[in-house]
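Secondary and tertiary structure notes
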Amino acid sequence: MTARLRTLARVPGAVVGAFVLMGIIGVALAASQLTGPDPLEIAGPPFLWPGEDAAFVLGTDIMGRDILAGIVHGARISLEIGLAAGLAAAAVGLIVGAVAGYFGKWVDQVLMRFAELFQIMPPLLFTIVLVVVVGPTIGVIIAGIVVTSWPQVARLVRAEAMRLKRSEFIQAAVVIGMNDRAILLKHVAPNVLSPAVVMISILAGNAILTESALSFLGMGDPNVMTWGNMIGSGREALRSAWYMTAIPGFAVLVTVTALNLLSNGVNDLLNPRRRAWL
Amino acid sequence: MNHSLAPGSEPILSVENLTVSFRSDAGWRPVVRDLSFSIAPGETIALVGESGSGKSVTALSIMRLLPEDARLQGNARLGGLDLAALPEKALQKIRGNDVAMIFQEPMTSLNPVRTIGFQIAEALMLHRDMTPPEAQAETLRLLDRVRIPSAKSRFKDYPHHFSGGMRQRVMIAMALAGRPKLLIADEPTTALDVTIQAQILELIKLLQDEEHMSVLFITHDMGVVADVADRTVVMFEGQAVETGETGRIFSAPTHPYTGSLLAAVPRLGAMTGRHRPLRFPVVDRVTGLSNIPRGTPDTVKADAPPVLEVSNLTTRFDIQSGSFGRVTGRVHAVENISFSIQPGETLALVGESGCGKSTTGRSILRLVEPERGEIRVDGEDILRLPKNRLRDLRRRVQMIFQDPFASLDPRRSIGASVAEPLLTHKLASRAAAAERTVALLHQVGLTPDMARRLPHEFSGGQRQRICIARALAVQPKLIVADESVSALDVSVKAQVINLLLDLQASMGLAYLFISHDMAVVERVSHRVAVMYLGEIVEIGPRAAIFGNPQHPYTRRLLAAVPVPDPSNRRGGRRLPEVETVSSVRPLGYAAPVRSYREIGPGHLVQAWGPEWDVPEIEAAPHVAIQHDRFQSEHVNAGALS
């Protein structure tokens, strides 16, 4: 364990990213304790600049809602969306990619053409269409993001599975008499897991950005407080009270940066170990 | 070998007390310790040792090509220059000019998107300040020097147009471009087939005489050492344990390690007069004492029905090209071969890369689907088995691969790997499988407490033992060993072969032993089949194949094996300059009908055609003539791109 911590220290970016993320998660968990239970509640006079009133450290928005409460509660939703979308996309991509890469031939052709169908759709546009048709709920937004982002993972995992398939230990498993399902589960999946894990944090960052963009366009879920919603509602007062957009915007920036730092670091951590193994 | 220089003349290279250390978590870890040797002009020195002995690091440190986290102590002098103290700029002048280097893998050493002509000419313009036309003419001359046939037409060819041996010739031509005084050859023939290896060794010797170069030859192969080296430095764990005249090292090694290394080297012809396989002697590395290998019992059950019968097996692969995947040709990997193996017998399948020996092994396990033929295991034709009954086959036939590291899942403990076949076939409960695993590990000479470790915690030899244990788990009758000892160091190789022989004696196993190494094959096999371009050209009892080879290909193969005996150098024996032919055929190619002749009991030889009546070519005069022709031809040679 200490050895692993030492290798972790060799990628300072990942450590910084992990700490920032843990901080955000902590804040999100304790949101109701830190501020009021409902961020949508009108708490004070509108257009309070940060620092103007000690009761509202980050000021209030157009309608007099506490911006700090919005940030803190919004963190919860943003992280939920990011994590759910990242995990779901990685899981779908892992399964499709591993199956396509392992079986090859027509299975690969069919699955990859199918993946391309989704890959050529612009993620934001697809999600907008989905939201317009089905309705603006968090679940729909997550689904839209997952549907357009799993092919990235599938491609990555497929390439790795193709390489693994040629390796002798997979051949050895065939010779032992294992069937395809057992080989996929016991040998292929654990070995393609690390690229998929790296992708989770990148996808999570992208999902948060997509949700923010949607909300900015006024297509987010209006019943929950998200960073995107805050940016969207602050847009109307952008010239007179830019802080209403800048503060949640900064929160998005910090979170996405932290996620990217972490994924880069995890990538570095997993790679040399793999090189030492092969 | 040029001995014309007076003894005591200034050495080309002298290395004194060289120590190279790498930074690790625990501080500086020395990989070469206190190494000293020198090379006289025109002399060949061999650095020999097993993997991890520090021989390649030594070569890299002479060229100062070590990674940043390495530390170099001691002296390395080239002529009058101290290599350790030179600034990087001066070193760049030396590399390629005074010292040139060739590597093991000639494909990765060449730039795949440049023609070979361009690459050699580039080296010439860089090192010898030539103008493009001069460089082009000199390139043609160099290609000719390294005996590349019709050099002029190959000038604009890309590296992938060349075979492995030809690429190594290109690398040598490039090394010669700077007219080096010293050539460092780091395992230059290890990746090549024996017949090609023999040609390249011959070429290096020839060029050395012509150019008065010194050669530092790095190798793990004692046969190669005996063939080329004037003096030999034996390395073990970073230290030179013995240095001396090659003849003396081989006839009277003083250090126990040298003795153990030499005892483990299989020698062609050592088995004359013996009928059964022979274990390798085990030598104590500390005392140097060797035991007399105990004989193997007669394991072959000649009257029993054969465990494996292959008849008229043909396996082909389609070559697709174009965007629509049209089939444009076929690799006739295995073409109409037949053989059988008795219980307890070892049949060796020998041949060079691309001859179809591995495909044969894979066809038997149905890792590839044969086109036609019959493969009977215990009398049952397994090519007719539906896919879902293949599990049955895989209880009776098992396989051991070449690379033991690659054939173990890096993320699974070796205990789990060994128990896997038992659980897959539901031969044992989890608890019983764990017990069996312990017994199996014990059987292959490992301790049960190792079961929890991961593959990367083991050495190459131990890993191959693990793979053997895994193969034994289902108690197969036949094991296909595909180059299973080729990647192992000599002493480890000897131990693993001893293990295989012991297991054959105790379990009555039959082996299909696929190998390119004739000396190992002679040691382990009862019968031998020689493959060439997908066909068996000669098959018979081991003694008959080695003692009375009939087919020209078998003879060529045997003649090319390096003999670990400096007093019996190839010297005068010129080998024919043959190129590897490929088994890629156009669509609709009909393989010729072959007939076999019986020479002795069970000894069959394929009848061969006139294409085998190649006269043994003398290289030297032929080259002189070509040389003149190119001098006159370069006039109209265009400028380089």
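These numbers were taken from a predicted model, which means no experiment stands behind them. (Residues numbered from 1 in each chain as written. Chains lettered and ligands numbered in written order. Predicted model: local features only at pLDDT ≥ 70, side-chain atom pairs only at ≥ 80, totals over all residues. Heavy atoms only, no water.)

**Points about the overall build of chain A**
Summing up its helical and strand segments, chain A has eleven helices and zero strands in all. When the helices and strands of chain A are placed in sequence order, the string is α-α-α-α-α-α-α-α-α-α-α. Reported as C-alpha extents along the three principal axes, the dimensions of chain A are approximately 75 × 50 × 30 Å. Taken over 278 residues, chain A has a buried fraction of 49%. For chain A, the proportion of contacts with a sequence separation of at least 24, taken over those separated by at least 6, is 72%. Charge-centre separation for chain A: the mean point of 19 positive side chains lies 19 Å from the mean point of 16 negative side chains. (Helix = DSSP H or I, 4+ residues; strand = E, 2+ residues; numbered from the N terminus. Buried < 20%, exposed > 50% of the residue type's maximum accessible area, 1.4 Å probe, protein only. Contact = heavy atoms within 4.5 Å. Lys, Arg positive; Asp, Glu negative; His and termini not counted. Charge placed at Lys NZ, Arg CZ, Asp CG, Glu CD.)

**Details of the pairing of strand E23 (residues 603–606) of chain B**
Consecutive side chains along a regular strand alternate between the two faces of the sheet. Residues and elements named next belong to chain B. Two strands pair when backbone bridges link them, and strand E20 (residues 535–541) and E23 are joined in this way by two bridges, in the antiparallel orientation. Within E23, the position partnered with Glu 538 by the bridge is Val 605. Where strand E22 (residues 596–600) and E23 come together, four bridges link them in antiparallel fashion. Its bridge partner being in E23, Arg 597 is matched across the sheet by Val 605. Hairpin remark: E22 followed by E23, antiparallel, with two residues in the connecting loop; positive phi at Gly 602, about 75°. (Pairing = 2+ DSSP bridges.)

**A word on empty space enclosed by the protein**
One pass over the full model with this rule turns up six cavities of 30 Å³ or more. Here the second largest cavity defines a volume of roughly 60 Å³. As for the second largest cavity, its lining consists of Ala 172, Val 175 and Ile 176 of chain A together with Gln 398, Met 399, Ile 400, Phe 401, Ser 407, Cys 467, Arg 470 and Ala 471 of chain B. Elements supplying a minimum of two residues to the lining of the second largest cavity: helix H8 (168–176) of chain A together with strand E16 (397–400) and helix H15 (460–472) of chain B. Across the lining of the second largest cavity, the residue classes break down as eight nonpolar, two polar and one charged. (1 Å grid on protein atoms, 1.4 Å probe; cavity = no way out; pocket = protein on both sides within 12 Å on 5 of 7 lines; lining within 4 Å. Points joined across faces, edges and corners; volume = space filled by probe spheres on them. Nonpolar A, V, L, I, M, F, W, Y, C, P; charged D, E, K, R; others polar.)

**Thoughts on a nonpolar patch on the surface**
All names here are of chain A. Taken together, Val 129, Val 132, Val 133 and Val 134 make up a surface patch of nonpolar side chains, about 390 Å² in accessible area. With respect to the element layout, Val 133 can be found in helix H6 (residues 123–134). On the basis of relative accessible area, Val 133 is assigned to the exposed category, the value being 65%. (Patch = residues over 30% accessible without salt bridge, like charges linked within 9 Å, V, L, I, M, F, W, Y side chains within 5 Å. Areas by Shrake-Rupley, 256 points an atom, 1.4 Å probe, with all protein chains shown as cover. Salt bridge = Lys/Arg side-chain N within 4 Å of Asp/Glu carboxyl O.)

**Points about the confidence of the model for chain A**
Residues shown with low pLDDT carry predicted positions that ought not to be read at fine detail. Per-residue confidence for chain A gives a mean pLDDT of 84, with 93% of residues at or over 70. Counting interchain partners and residues more than four positions distant, the pLDDT-below-50 stretch residues 272–278 of chain A has 14 contacts. (pLDDT = per-residue confidence, 0-100.)

**Section: the packing of aromatic side chains**
Summed over the entire model, instances satisfying the criterion amount to six aromatic pairs over all chains. An angle of 35° between the planes, with centres 6.1 Å apart, marks the rings of Phe 114 of chain A and Trp 150 of chain A as tilted. Of this pair, Phe 114 of chain A sits in helix H5 (residues 105–119) while Trp 150 of chain A sits in helix H7 (residues 138–166), and the two are 36 residues apart along the sequence. Judged by relative accessible area, Phe 114 of chain A falls into the partly exposed class, the value being 43%. When the centroid spacing of 4.2 Å and the interplanar angle of 25° are considered together, the rings of Phe 236 of chain B and Tyr 257 of chain B count as stacked. Placement of the pair is Phe 236 of chain B in strand E9 (residues 231–236) and Tyr 257 of chain B in helix H10 (residues 256–264), with a sequence separation of 21 residues. The exposure class of Phe 236 of chain B is partly exposed, given its relative accessible area of 23%. Ring pairs connect the aromatic residues Phe 114, Phe 118 and Trp 150 of chain A, which therefore count as one cluster. Its guanidinium or amino end placed over the ring of Phe 118 of chain B, Arg 114 of chain B lies 4.3 Å from that ring's centre, counting from NZ or CZ. Of note, Arg 154 of chain B hangs over the ring of Phe 162 of chain B, and the distance from its end group to the ring centre comes to 4.1 Å. (Phe/Tyr/Trp six-rings, centres within 6.5 Å; stacked < 30°, edge-to-face > 60°. Lys NZ or Arg CZ within 6 Å of the ring centre and 35° of its normal.)

**Re the side chain of Arg 412 of chain B**
Position of Arg 412 of chain B among the secondary structure elements: in the loop between E16 and helix H13 (414–424). Within the structure, Arg 412 of chain B has its side chain in polar contact with the side chain of Glu 420 of chain B (distance 3.1 Å). Sequence-distant contacts of Arg 412 of chain B, that is, excluding residues within four places in its chain, are made with Lys 186 and His 187 of chain A together with Ser 417, Glu 420, Leu 454 and Pro 455 of chain B. (Polar contact = N/O pair within 3.5 Å; in protein donor to acceptor, adjacent residues only side chain to side chain.)

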